[in-house]
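If you want the building blocks of each chain, they are given just below.
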Amino acid sequence: MRILVIGGAGYIGSHNVHALAERGDEVVVLDSLATGHRESVHPKARFYQGDLRSAADLDKVFSENKIDAVMHFAAYSLVAESMTKPLKYFDNNVGGMLSLLQAMARHGVDKLVFSSTAAVYGEPKSIPIVEDDPKDPTNPYGESKLIMERMMRWVGEANGIRSVILRYFNVGGALADGSIGEDHRPESHLIPLILQVPLGRRPHISVFGTDYPTKDGSCIRDYLHVMDLADAHLRAVDYLAAGGASTVCNLGNGQGFSVLEMIEAARRVTGHELPVRIEGRRPGDPARLVASSDRAKAVLGWQPAAGIEEIIRTAWTWHQKHPQGYGAN
């Protein structure tokens, strides 16, 4: 198949591009490089630098390539920033989805795999979270993703665009050889923040709250290896290619890991002490966020393979080889 990957120069997008290219698909990437890195794009992929909100940019890509399906990763995703700059998130995320759906309808492309988020659920009413649980986002980022999901539903009914929406929480790790990995600027994700300590880029790792009702008092989150996530996206596009109906699937590890467990795993992997500073709770941090992936397992045949040590080990390989990220080594 010829797959268009929107946001294919970003962290998750670039790993999906790699997985697609390595299995023999033809891959076309559209990325503005606002947050992505050109160096992360697989050499076999055809790359276009452009804005998802631009009809001209999209028409160029669709006209020059007979696209069979689209994977969409191009969304701003910083929760804290979305609280202070909601219009930026609605413009880029919702505006980008509108532009993409219009272009797909114009060019007769009817298969879309969307990288969504469990942030659409807001504060969970029960754990593990299942797909039909209430959606009540607590920030503009989650709200924008929920709006995008609803747009896909209605356009799907009217224009025949079938979709798989994949909702997940935390993603970590990298390719095993350390050739591509995670490089956000600024960095806000736990695993790379932990690994900045043994790299000498920060003196300690902060833990925000150790008085939650969990086994060790720190927050529990759901972590997936980025290549397990890529496997789910490939299975989703294959499901649509086989004629599958639109569906929504959570992706989760099924149990969750605490912040302190992640730090201890990083100590084992890196061999470094990793000093910890206990801070106060951050407002709005739920004690436990874990998603059920039973539907993904049943519908897509997906099963995560990597545990937390493998996630951290591959991330450590990347960060050791690229301590300053892309283009700085």
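Calculation criteria
Residues numbered from 1 in each chain as written. Predicted model: local features only at pLDDT ≥ 70, side-chain atom pairs only at ≥ 80, totals over all residues. Heavy atoms only, no water. Helix = DSSP H or I, 4+ residues; strand = E, 2+ residues; numbered from the N terminus. Expected span 1.5 Å × (residues − 1). Buried < 20%, exposed > 50% of the residue type's maximum accessible area, 1.4 Å probe, protein only. Pairing = 2+ DSSP bridges. Axes fitted to C-alpha atoms, helices over the stretch in contact; angles between N-to-C directions. Contact = heavy atoms within 4.5 Å. Core = buried A, V, L, I, M, F, W, Y, C linked by side-chain atoms within 4.5 Å. 1 Å grid on protein atoms, 1.4 Å probe; cavity = no way out; pocket = protein on both sides within 12 Å on 5 of 7 lines; lining within 4 Å. Points joined across faces, edges and corners; volume = space filled by probe spheres on them. Nonpolar A, V, L, I, M, F, W, Y, C, P; charged D, E, K, R; others polar. Left-handed = near helix turned anticlockwise from the far one by under 90°.

Novice: Is there a simple way to explain helix 7 (residues 226-241) in this structure?
Specialist: Side chains that are three or four residues apart share a direction in an α-helix, a result of its 3.6 residues per turn. A rise of 1.5 Å per residue sets the reference length of helix 7, with its 16 residues, at 22 Å; its end C-alpha atoms lie 23 Å apart and thus fit the reference within 8%. Looking only at helix 7, the buried set comprises Val226, Asp228, Leu229, Ala230, Ala232, His233, Leu234, Ala236, Val237 and Leu240. Immediately downstream of helix 7, the backbone of glycine 243 shows phi near 100°, a positive value.

Novice: What is the right way to read the sheet that holds strand 5 (residues 111-115) from this model?
Specialist: Remark on secondary structure: sheet strands pair via backbone hydrogen bonds, oriented parallel or antiparallel. The 7 strands are arranged 3-2-1-4-5-6-11 in an open sheet whose pairing can be described as parallel. If you trace the sheet from one side to the other, it starts and ends with strand 3 (46-49) and strand 11 (247-251), each paired once. Shown here is a sheet whose adjacent strand axes are inclined to one another by a mean of 15°, direction ignored. Relative to strand 3, strand 2 (residues 26-31) is paired through 4 bridges, and the arrangement is parallel. Residue pairing across strands places valine 28 opposite arginine 46, the latter belonging to strand 3. In the packing of helix 2 (residues 55-64) onto the sheet, contacts are made with strand 1 (2-6), strand 2, strand 3 and strand 4 (69-72), and the angle to strand 3 comes to roughly 160°. Helix-sheet contacts for helix 5 (residues 140-159) involve strand 4, strand 5 and strand 6 (162-168), and the interaxial angle to strand 5 is about 165°.

Novice: Any chance you could explain the nonpolar core here in plain terms?
Specialist: Nonpolar side chains tend toward joint burial in soluble globular proteins. Counting residues in hydrophobic clusters, the biggest one holds 36 residues, and the most contacted among them are Val5, Ile12, Val27, Met71, Leu166, Tyr168 and Leu251. The leading source of residues in this core is helix 7, at 8 residues. Contacts of isoleucine 12, omitting those with residues within four sequence positions, involve Phe73, Tyr168, Val171, Val226 and Leu229. Counting residues in hydrophobic clusters, the runner-up holds 26 residues, among them Leu58, Val94, Leu101 and Ile165.

Novice: Which parts of the structure should I look at to understand the layout of surface pockets?
Specialist: Rolling a probe over the atoms, with the probe sized like a water molecule, indicates the empty space that remains. By volume, the second largest pocket amounts to about 240 Å³. Within the residue set of the lining of the second largest pocket, elements represented by two or more residues are helix 5, strand 6 and strand 11. Among the elements that line the lining of the second largest pocket, the one with the most residues is helix 5, at 7 residues. Here the residues of the lining of the second largest pocket are counted per class, giving 5 nonpolar, 4 polar and 6 charged.

Novice: Just checking my understanding: could you explain empty space enclosed by the protein for this structure?
Specialist: Applying the stated criterion to the full structure yields 1 cavity of 30 Å³ or more. Here the largest cavity defines a volume of roughly 40 Å³. Lining the largest cavity are Tyr121, Glu123, Pro124, Lys125, Ser126, Ile129, Asp133 and Pro134. In the lining of the largest cavity, the residues fall into 4 nonpolar, 1 polar and 3 charged.

Novice: Mind showing me how you'd approach the packing of helix 1 (residues 11-22) against helix 7 here?
Specialist: Helix-helix packing is described using two parameters, namely the angle between the two axes and the distance between the axes. Where helix 1 contacts helix 7, the axes come no closer than 9 Å and their chain directions differ by 60°. Crossing angle aside, the handedness with which helix 1 passes helix 7 is right-handed. Each of Tyr11, Ile12, His15, Asn16, His18, Ala19 and Leu20 in helix 1 lies in contact with helix 7, whose residues at this interface are Val226, Met227, Leu229, Ala230, His233 and Leu234. Its residues assigned to classes, the contact of helix 1 with helix 7 shows 9 nonpolar, 4 polar and no charged.

Novice: How should I be thinking about helix 1 in this particular structure?
Specialist: Relative to the 16 Å expected for 12 residues at 1.5 Å per residue, helix 1 spans 17 Å between its end C-alpha atoms, a close match to the ideal helical length. Of all 12 residues making up helix 1, 10 are buried, and the element is well covered by its neighbours. Those residues of helix 1 not exposed but buried are Tyr11, Ile12, Gly13, Ser14, His15, Asn16, Val17, Ala19, Leu20 and Ala21. Looking at the buried positions of helix 1, the neighbouring elements they touch are strand 1, strand 2, strand 4, strand 6, strand 7 (170-172) and helix 7.

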